[in-house]
Amino acid sequence: MSDLLQRLRARGWRMTAQRRVVAEVLAGEHVHFTADEVLARATSRLPEISRATVYNTLGELVALGEVTEVATDGRAKRYDPNAHHPHQHLVCSGCGIIRDVHPAGDLLAELPESERFGFTVSAAEVTYRGLCPGCGPSSATPSNSRPRA
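On a predicted model such as this, the values are computed, not experimentally measured, just so you know.

### Digging into the environment of L8
Piece 1. Structurally, L8 is set in helix 1 (residues 3-11).
Piece 2. On the basis of relative accessible area, L8 is assigned to the buried category, the value being 0%.
Piece 3. Here the alpha-carbon distance between L8 and I49, two residues 41 residues apart in the chain, equals 20 Å.
Piece 4. The contact partners of L8, leaving out residues within four places of it in the chain, are W13, M15, A23, L61, L64 and E66.

Structural data, given as C-alpha cells:
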C-alpha cells in the first residue's frame, strides 16, 4: 500500500473506489502529474470515473495537506503526493518534467539576516531549473553542426 493511501486511511478518510484510484495514481516517487494526467490514468483503471470526481478529489487532498500543488512557469498545476517529506524541486525548462531533490544544508539559514527585512522566516521553497538529459545539449546535434538561423 502506498504512503499516501496509508496516511489517508490513518486519517479515517472515506475511501470510495474513485478516491482510492486517484490516490493509487498518485503513488510513487517523483510523481507530479497534472489533473488531466491523473484523470487519464484513473480512467484506465476505473473507466466510469468522472473528470469532476478526479478534480474534486485532488482538491480535497490538497485541502487536507496530503498532496501539494506545484505550479511552475505558467504550466498546468501538478500534484505532488510527497507533502510530508521535505524536499525541493528540479524542473526541466524544456519539457517541464519535475524531480524531487533533497539539497544539503538549511535553506532558512542560508537567507542572511540583512535580507529578511524583519520577517520571521518559517519556511523556504527553492526550485532548481535546468535541462533534463532528454532536452539537454547532449540530446541534440552538436552545436557546430547545427544549421544557422
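This is not the end of the story, as more comes after the structure.
### Concerning the pairing of strand 4 (residues 88-92)
Piece 1. Along strand 4, 4 of the 5 residues are buried, which leaves the element largely enclosed by surrounding structure.
Piece 2. The pairing of strand 4 with strand 5 (residues 98-101) spans 4 bridges and is classified as antiparallel. Directly across from H89, in strand 5, lies its bridge partner D100.
Piece 3. Joining the antiparallel neighbours strand 4 and strand 5 is a turn of 5 residues, in which G96 adopts a positive phi near 90°.
Piece 4. Relative to strand 6 (residues 127-130), strand 4 runs parallel, the two sharing 4 bridges. Bridged to H89 within strand 6 is T127.

### Section: the sheet that holds strand 6
Piece 1. Read from one edge to the other, the open sheet built from 3 strands follows the order 5-4-6, with strand pairing classed as mixed. Sheet topology places strand 5 and strand 6 at the edges, where each strand pairs with a single neighbour. Averaged over all pairs of adjacent strands, the angle between strand axes in this sheet comes to 25°, irrespective of strand direction.

### Overview of the packing of helix 2 (residues 17-25) against helix 3 (residues 35-45)
Piece 1. Where helix 2 contacts helix 3, the two axes come as close as 9 Å, and the packing angle between them is 120°. Relative to helix 3, the element helix 2 is oriented oblique. By crossing handedness, the relation of helix 2 to helix 3 is classed as right-handed. Along the contact surface, helix 2 presents V21, V22, E24 and V25, while helix 3 presents V38, R41, A42 and R45.
Piece 2. Looking at the contact of helix 2 with helix 3, its residues break down into 5 nonpolar, no polar and 3 charged.

### As for the side chain of H87
Piece 1. Within the secondary structure layout, H87 lies in the loop between strand 3 (78-80) and strand 4.
Piece 2. Exposure remark for H87: the relative accessible area of 15% places this residue in the buried category.
Piece 3. Within the structure, the side chain of H87 is placed 2.7 Å from the side chain of D80, a separation counted as a polar contact.
Piece 4. A distance of 3.3 Å separates a polar atom in the side chain of H87 from a polar atom in the side chain of D100.
Piece 5. Ignoring anything within four residues of it in the chain, the contact list for H87 reads D80, N82, D100, V101 and H102.

What counts as what
Residues numbered from 1 in each chain as written. Predicted model: local features only at pLDDT ≥ 70, side-chain atom pairs only at ≥ 80, totals over all residues. Heavy atoms only, no water. Helix = DSSP H or I, 4+ residues; strand = E, 2+ residues; numbered from the N terminus. Buried < 20%, exposed > 50% of the residue type's maximum accessible area, 1.4 Å probe, protein only. Contact = heavy atoms within 4.5 Å. Pairing = 2+ DSSP bridges. Axes fitted to C-alpha atoms, helices over the stretch in contact; angles between N-to-C directions. Parallel < 35°, antiparallel > 145°, perpendicular 65-115°, else oblique. Left-handed = near helix turned anticlockwise from the far one by under 90°. Nonpolar A, V, L, I, M, F, W, Y, C, P; charged D, E, K, R; others polar. Polar contact = N/O pair within 3.5 Å; in protein donor to acceptor, adjacent residues only side chain to side chain.

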